[in-house]
Amino acid sequence: MNTNLFQLRHIGPRTNEQETMLKTISVDSLDQLIYETIPDDIRLASKLNLAPAMSEYEYLNHINELAAKNNVFKSYIGLGYHEAIVPSVIQRNILENPGWYTAYTPYQAEIAQGRLEALLNYQTMVCDLTGMELANASLLDEGTAAAEAMALLFDVRERAKKKAGANKFFISEEILPQTLSVLQTRAIPIGIELVIGDHTKFNFEDDFFGAILQYPGKHGQVYNYADFVTAANEKDIKVAVAADILSLAKLKAPGEFGVDVVVGTTQRFGIPLGYGGPHAGYFATKDEYKRSIPGRIIGVTKDVDGGRALRMALQTREQHIKRERATSNICTAQVLLAVMAGMYAVYHGKDGIEFIANKVHTTATTLAASLNRLGFKNKNTSYFDTLLIEVEADILRPVAENNKINFNYIDKNHVSISLNETVGLGEINDIVDCFEQAFNIKDIIVTEFVTEDAIPSAIKRNTSFLDNDVFNTYQSETDMMRYIKKLERKDLALNHSMISLGSCTMKLNAASEMLPLSNPQWGNIHPFVPLNQAEGYQAVLKNLEHQLNVVTGFAATSLQPNSGAQGEFAGLMVIRAYHQANGDNHRNICLIPASAHGTNPASAVMAGMKVVVTKTDEKGNIDVADLREKAEKHKDNLAALMVTYPSTHGVYEKAIKEVTKIIHDNGGQVYMDGANMNAQVGLTNPATIGADVCHLNLHKTFAIPHGGGGPGVGPICVAPQLVPFLPTNPVVATGGENAITAISAAPWGSALACLISYGYITMLGADGLTNSTKNAILNANYIKERLQGHFSTLYTGEMGRAAHEMILDCRAFKEKGIEVVDIAKRLMDYGFHAPTVSFPVAGTIMVEPTESESLAELDRFCDALISIRKEIDTATKDDTNNVLKNAPHTQEMLTSDVWNLPYTRKQAAFPLSYIADNKFWPSVRRVDDAYGDRNLICSCNPIEDYMETEA
Ligand SMILES: *Cc1c(COP(=O)(O)O)cnc(C)c1O
């Protein structure tokens with residue numbers, strides 16, 4: 001046997017274990033199991049047509065060869081992206097550490113206090129620098145954050161009576177081009193009229209509900225927005241500002257102008273350029289909008305013992321949970337990148353951030369003075385890091401490129417040059433040399449920095465920031481390393497045990513898939529470089545698109561969306577464009593089964609569609625009669641069906657082809673939510689079931705780690721008729737010939753993260769991918785079998801099989817006073833993260849083991865659940881002082897001098913023998929969500945501040 005196959009590393013159960021498991025579930029072979037699971041008429045006839053699998057060694061050679069094809073220039077292009085230095089201590093201990101990158105979104109707060117604290121630091125940093133009251137724990141990028149700001153202001157406009165019905169939004173012409181494009185995409189379907197212009201000439205008319213400004217402007221000019229904001233406030237026009245986070249260390253905080261929302265990216269806080277992403281977008285606003293904030297907010301609360309604890313605040317109000325009433329669909333965000341950016345601020349501290357901002361500014365003024373000496377004028381009268389130089393671009397450009405330098409070429413006579421923290425005198429001289437060579441000017445050598453200041457005093461920052469202890473304590477590497485470790489130890493990630501979250505596919509994120517991310521040949525490429533500098537990237541992205549086409553059976557792929565929910569929005573916008581191209585502008589009805597994920601209806605509404613919910617029958621399947629009736633009723637206006645396959649109930653619905661045909665017969669297109677693609681790869685595909693477009697969650701099925709809640713990549717794959725409409729980018733054209741405007745800021749979304757999925761597919765090949773799917777189904781059915789008699793599975797296929805996940809019904813335990821959260825918290829004592837709780841059915845848990853878990857781990861998990869089931873049997877409704885209600889149990893509690901609970905310490909913390917060998921201690925006791933929501937604190941103020949707020 002070739003033991004070098006990557007699939008043997010990726011798939012958990014050994015061959016002999018697979019046989020044992022097959023016996024347990026009473027089938028002869030994996031193929032027999034698949035036959036009993038996936039309906040015949042959608043099974044693929046042949047193997048995926050992919051290149052032969054590479055070994056890990058071969059792949060690493062291959063990816064390094066491609067990396068060498070990227071030509072890394074010094075990029076001074078700016079436009080929202082700047083080369084940054086990733087502190088090595090952060091790179092090694094976070095970016096390259098599975099303890100951080102394999103964690104899940106911190107829904108189970110008691111085993112996620114580490115990343116919750118890291119995110120609270122991030123929010124504090126954003127609040128401080130922007131001068132706002134509240135920040136969320138990241139959005140996808142600056143462009144989408146700006147679109148979220150617009151959507152929020154549109155949503156809250158009704159509160160200002162004067163503004164009811166106002167639908168115009170002003171965009172300063174200084175906005176970044178990609179942000180403008182994303183704003184256009186989001187505005188049009190929901191009826192917002194955009195007016196783009198010069199902010200100094202804006203008339204503040206009554207039919208405007210909001211405006212957005214760029215700070216500094218796209219070519220570096222810094223404006224004083226005080227008058228604009230005052231005038232807008234008088235007219236009740238709400239103002240958002242897209243601000244460069246580093247510049248805010250020197251510039252007056254937007255909050256001081258009285259703006260309503262501040263957005264931007266934290267990329268330049270120690271995150272690689274990565275050809276466009278992933279980076280954390282930030283979003284900060286006023287307390288009064290806390291109920292309307294998109295994304296997740298981390299807040300302070302207490303646990304049952306009164307100790308300080310963190311958790312996701314206002315959790316039940318996460319936007320997409322409002323379904324068709326949501327104003328945003330964001331789910332996966334950019335947590336790992338937010339953690340890194342927050343840590344950058346922790347490590348540099350207040351003084352360090354000030355130093356970096358001063359240094360960047362000084363290099364800019366020095367360069368301006370030097371170019372001025374050569375006769376080149378900087379047109380920016382007030383600037384932070386970017387010069388706008390009058391120069392013949394056609395002459396400068398070839399020389400600069402010859403010297404491996406990129407500027408932003410605006411037009412024939414203007415270039416902008418944006419400096420960053422990597423620039424010193426050497427780089428300044430290199431830039432100056434380009435001008436000298438291009439225009440045959442006599443050499444000057446810049447030998448010292450000029451200390452002149454290009455920021456007028458009226459917009460100079462004179463308020464403090466990052467004063468909190470956390471930003472002023474960890475400046476030595478030893479301290480920093482230990483701080484990161486301290487937080488990491490509080491979090492349960494995949495490097496401790498299985499995380500069986502249904503619908504989330506927490507599979508192995510292999511080291512060989514991750515290694516290339518640390519290579520600066522991938523990290524240091526600006527998204528807007530000429531294509532010939534990014535040949536390595538272009539090869540990977542094209543290959544990955546091809547691989548995903550093969551896997552889905554579709555004609556083309558857009559890698560631009562950087563989350564599943566964004567893929568949904570992109571796919572629906574493509575469908576919308578298709579209908580419009582056919583003259584069917586009126587087609588706006590979107591059918592969505594009741595069991596769908598909340599992002600589905602939220603995305604449909606964002607795409608300007610009206611949601612019609614279709615019923616699910618008692619077996620959990622789409623009620624075909626109801627669907628047909630609704631499709632026919634709306635046939636003149638039917639736009640689309642959104643369907644998840646296999647369903648969120650974990651079933652391969654037999655009627656799927658009939659369902660997709662009904663939609664087509666009535667003029668609609670079929671959108672398949674690909675979150676469950678791990679149950680399809682190599683065995684069936686969306687094209688075969690009759691879908692027209694799907695998104696894939698590369699961070700579920702294709703091995704991008706969840707990073708504690710992001711990054712994600714949510715490409716859409718489409719049938720031939722939709723190819724022309726795939727999204728473009730205003731700076732580097734992508735997509736189809738009738739492309740819709742941008743979905744996210746960067747042309748290929750989070751290109752750096754795409755390397756992971758490319759590695760996954762390349763190393764598994766057709767056989768490895770298909771075997772992964774089969775083993776995912778095997779693992780799920782094994783768990784189902786082992787839990788028989790203890791937990792009942794809510795839905796199964798026609799032959800009694802689960803798909804790759806199953807729903808365990810816990811509703812009957814209510815009679816014993818036990819809720820599903822009690823089971824979730826008790827699992828922590830057994831060393832496991834809870835499965836998905838109460839989705840898609842309230843009072844249940846949804847288990848998805850993935851193919852990566854071995855038999856031994858599956859057995860430990862089943863043993864834990866069976867043991868918990870016995871504990872449930874002994875519980876009673878009247879006595880809540882039991883091991884389930886008190887879970888989780890902390891080390892502090894167990895080792896305390898007093899113990900007067902009606903069970904032993906061993907029963908509390910070591911109920912099964914396997915636990916002692918690998919005990920995980922939750923760091924806080926059960927958190928009090930309601931308390932924290934009543935006393936919302938979302939930045940790391942001193943502890944006394946929040947204890948006093950208790951009403
Ligand atoms: C995860 C998921 C989504 C949303 O994907 P994100 O990447 O989190 O935006 C949508 N639908 C289903 C069924 C999912 O499981």
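Residues numbered from 1 in each chain as written. Predicted model: local features only at pLDDT ≥ 70, side-chain atom pairs only at ≥ 80, totals over all residues. Heavy atoms only, no water.

- Looking up the chain in an unreviewed UniProt entry gives the name glycine dehydrogenase (aminomethyl-transferring), with the organism given as Tenacibaculum adriaticum.
- Under the heading Subunit (unreviewed entry), UniProt records this for the chain: "The glycine cleavage system is composed of four proteins: P, T, L and H."
- The Cofactor (unreviewed entry) comment attached to the chain in UniProt states, word for word, "pyridoxal 5'-phosphate". (UniProt positions renumbered as here; feature names shortened; annotations may be inferred.)

### Some remarks on the packing of helix 5 (residues 88-95) against helix 12 (residues 335-373)
Stage number 1. Two numbers describe how helix 5 lies on helix 12: the axes approach to 10 Å, and their chain directions differ by 145 degrees. By crossing handedness, the relation of helix 5 to helix 12 is classed as right-handed. On helix 12, the residues touching Val89, Ile90, Ile94 and Leu95 of helix 5 are Leu336, Val339, Met340, Met343, Tyr344 and Tyr347.
Stage number 2. Residue composition of the contact of helix 5 with helix 12, grouped by class: 10 nonpolar, no polar and no charged. (Axes fitted to C-alpha atoms, helices over the stretch in contact; angles between N-to-C directions. Helix = DSSP H or I, 4+ residues; strand = E, 2+ residues; numbered from the N terminus. Left-handed = near helix turned anticlockwise from the far one by under 90°. Contact = heavy atoms within 4.5 Å. Nonpolar A, V, L, I, M, F, W, Y, C, P; charged D, E, K, R; others polar.)

### With respect to the confidence of the model for the chain
Stage number 1. Here the chain averages 96 in pLDDT, and 98% of its residues register 70 or above.
Stage number 2. Across residues 942-951 the pLDDT falls below 50, and counting only partners more than four positions away or on other chains, this stretch makes 12 contacts in the model. (pLDDT = per-residue confidence, 0-100.)

### A few points about the packing of helix 18 (residues 535-552) against helix 24 (residues 751-786)
Stage number 1. As a packed pair, helix 18 and helix 24 sit with axes 9 Å apart at the nearest point and diverge in direction by 45 degrees. The angle between helix 18 and helix 24 places the two elements in the oblique class. Once helix 18 is placed against helix 24, the crossing between them reads as left-handed. Residue-level inspection shows Tyr537, Val540, Leu541, Asn543, Leu544, Gln547, Leu548 and Val551 of helix 18 in contact with helix 24, the latter providing Ala751, Leu752, Cys754, Leu755, Ser757, Tyr758, Ile761, Thr762 and Leu769.
Stage number 2. Its residues assigned to classes, the contact of helix 18 with helix 24 comprises 13 nonpolar, four polar and no charged. (Parallel < 35°, antiparallel > 145°, perpendicular 65-115°, else oblique.)

### Thoughts on the site of the ligand
Stage number 1. The local shell around the ligand holds 14 residues, among which Thr332, Ser503, Asp673, His699 and Lys700 are the closest.
Stage number 2. In the environment of the ligand, an oxygen atom lies 3.1 Å from a nitrogen or oxygen atom belonging to the side chain of Asn697.
Stage number 3. Interatomic distance of 2.6 Å between a side-chain N/O atom of His699 and an oxygen atom of the ligand.
Stage number 4. With three residues, helix 19 (residues 564-581) is the largest single contributor of residues to the shell around the ligand.
Stage number 5. A breakdown of the residues in the shell around the ligand according to their chemical character gives three nonpolar, eight polar and three charged. (Near = heavy atom within 4 Å. Polar contact = N/O pair within 3.5 Å; in protein donor to acceptor, adjacent residues only side chain to side chain.)

### Digging into the pattern of salt bridges
Stage number 1. Tallied over the full model, the rule gives 36 salt bridges.
Stage number 2. Where Lys774 meets Asp31, a salt bridge forms, and the shortest distance between an N and an O atom there is 3.0 Å. One end of the pair, Lys774, is in helix 24; the other, Asp31, is in helix 3 (residues 30-37), and 743 residues separate them in sequence.
Stage number 3. Taking the relative accessible area as the measure of exposure, Lys774 reaches 15% and is therefore buried.
Stage number 4. Note that Lys168 is salt-bridged to Asp207, the shortest N-O span being 3.2 Å. Taken together, the residues Lys168 in strand 3 (residues 168-172) and Asp207 in the loop between strand 4 (193-197) and strand 5 (208-215) connect sequence positions 39 residues apart.
Stage number 5. Of the residues examined, Lys168 reaches a relative accessible area of 17% and is grouped as buried.
Stage number 6. By relative accessible area, Asp207 is classed as partly exposed at 32%.
Stage number 7. In the salt-bridge network here, residues are joined through shared partners; they are Asp244, Arg268 and Asp385. (Salt bridge = Lys/Arg side-chain N within 4 Å of Asp/Glu carboxyl O. Buried < 20%, exposed > 50% of the residue type's maximum accessible area, 1.4 Å probe, protein only.)

### Focus: the domain arrangement of the chain
Stage number 1. In terms of domains, the chain is made up of domain 1 (1-37 + 765-884 + 889-915), domain 2 (113-289 + 336-345), domain 3 (349-459) and domain 4 (558-749).
Stage number 2. Using C-alpha coordinates to define each centre, domain 2 is positioned 29 Å away from domain 4.
Stage number 3. Tallying the contact residues gives 21 residues for domain 2 and 25 residues for domain 4.
Stage number 4. Between domain 2 and domain 4 lies a buried interface of about 1,800 Å² when both sides are counted; carbon and sulfur atoms form 65% of it.
Stage number 5. Area buried by domain 2 at its contact with domain 4 is led by Leu140, Thr185 and Pro189, which between them contribute 29% of it.
Stage number 6. At the junction of domain 2 with domain 4, the criterion picks out zero salt bridges.
Stage number 7. Where domain 2 packs against domain 4, one counts six residue pairs in polar contact (both at pLDDT 80 or more).
Stage number 8. At the level of secondary structure, the elements contributing two or more residues to the side of domain 2 that touches domain 4 comprise helix 8 (142-156), helix 9 (177-187) and helix 12. (Domains from an automatic or database assignment. Buried area = accessible area lost by both parts, 1.4 Å probe.)

### Notes on the UniProt feature "modified residue: N6-(pyridoxal phosphate)lysine" (unreviewed entry) in the chain
Stage number 1. Per the UniProt record, "modified residue: N6-(pyridoxal phosphate)lysine" (unreviewed entry) is found at Lys700.
Stage number 2. Mapped onto the secondary structure, Lys700 falls in the loop between strand 20 (693-696) and strand 21 (716-718).
Stage number 3. Taking relative accessible area as the criterion, Lys700 reaches 13% and is therefore assigned buried.
Stage number 4. Among the polar contacts listed, one links the side chain of Lys700 to the backbone oxygen of Ser503, at a separation of 3.3 Å.

### What to know about the nonpolar core
Stage number 1. Tyr215, Met343 and Phe702 are the most contacted members of the largest nonpolar core, which has 216 residues in total.
Stage number 2. With 18 residues, helix 24 is the largest single contributor of residues to this core. (Core = buried A, V, L, I, M, F, W, Y, C linked by side-chain atoms within 4.5 Å.)

### Some words on the UniProt feature "domain: Glycine dehydrogenase C-terminal" (unreviewed entry) in the chain
Stage number 1. The sites that carry the UniProt feature "domain: Glycine dehydrogenase C-terminal" (unreviewed entry) are, in the present numbering, residues 772-889.
Stage number 2. Across residues 772-889 one finds 38% helix and 10% strand; the C-alpha atoms that close the span lie 36 Å apart.

### Section: helix 22 (residues 656-665)
Stage number 1. Buried within helix 22 are the following residues: Ile656, Val659, Thr660, Ile662 and Ile663. Considered in projection along helix 22, the buried side chains sweep an arc of 150 degrees and stay on one side of the axis. For helix 22, exposure combined with an orientation more than 90 degrees from the buried face picks out Lys661 and Asp665.
Stage number 2. Buried residues along helix 22 sit against strand 16 (589-593), helix 21 (624-633), strand 18 (638-644), strand 19 (669-674) and helix 23 (686-689). (Arc of directions from axis to C-beta.)

### Description of the side chain of Glu871
Stage number 1. You can see Glu871 is positioned in helix 26 (residues 855-874).
Stage number 2. By relative accessible area, which is 14% here, Glu871 ends up buried.
Stage number 3. Beyond its immediate chain neighbours, meaning those up to four positions away, Glu871 contacts Arg826, Tyr830, Val883, Leu884 and Pro911.

### Things to note about helix 18
Stage number 1. With 18 residues, helix 18 should cover 26 Å at 1.5 Å per step; its first-to-last C-alpha distance of 26 Å lies within 8% of that length.
Stage number 2. Counting buried residues in helix 18 gives 13 out of 18 residues, a clear majority hidden from the surface. (Expected span 1.5 Å × (residues − 1).)

### Some points on the sheet that holds strand 23 (residues 806-809)
Stage number 1. The four strands are arranged 22-23-25-24 in an open sheet whose pairing can be described as antiparallel. Each edge of the open sheet is held by one strand with a lone partner, namely strand 22 (792-793) and strand 24 (836-837). (Pairing = 2+ DSSP bridges.)

### Structural notes on the packing of aromatic side chains
Where two aromatic rings form a pair, the distance of their centres and the angle of their planes describe that pair.
Stage number 1. Inspection of every chain in the model, using the stated rule, returns 33 aromatic pairs.
Stage number 2. Taking 5.8 Å as the distance between ring centres and 85 degrees as the angle between the ring planes, the aromatic pair formed by Phe791 and Phe813 counts as edge-to-face. Here the residue Phe791 occupies a position in the loop between helix 24 and strand 22, and Phe813 occupies one in the loop between strand 23 and helix 25 (820-829), the gap between them amounting to 22 residues.
Stage number 3. The class of Phe813 is buried, set by a relative accessible area of 7%.
Stage number 4. Taken together, the ring pairs connect Tyr76, Phe376, Phe407, Tyr409, Phe435 and Phe439 into an aromatic cluster.
Stage number 5. Over the aromatic face of Phe569 sits the side chain of Arg186, whose NZ or CZ is 6.0 Å from the ring centroid.
Stage number 6. One residue, Lys919, lies across the ring of Trp921, its end atom 4.7 Å from the ring centre. (Phe/Tyr/Trp six-rings, centres within 6.5 Å; stacked < 30°, edge-to-face > 60°. Lys NZ or Arg CZ within 6 Å of the ring centre and 35° of its normal.)

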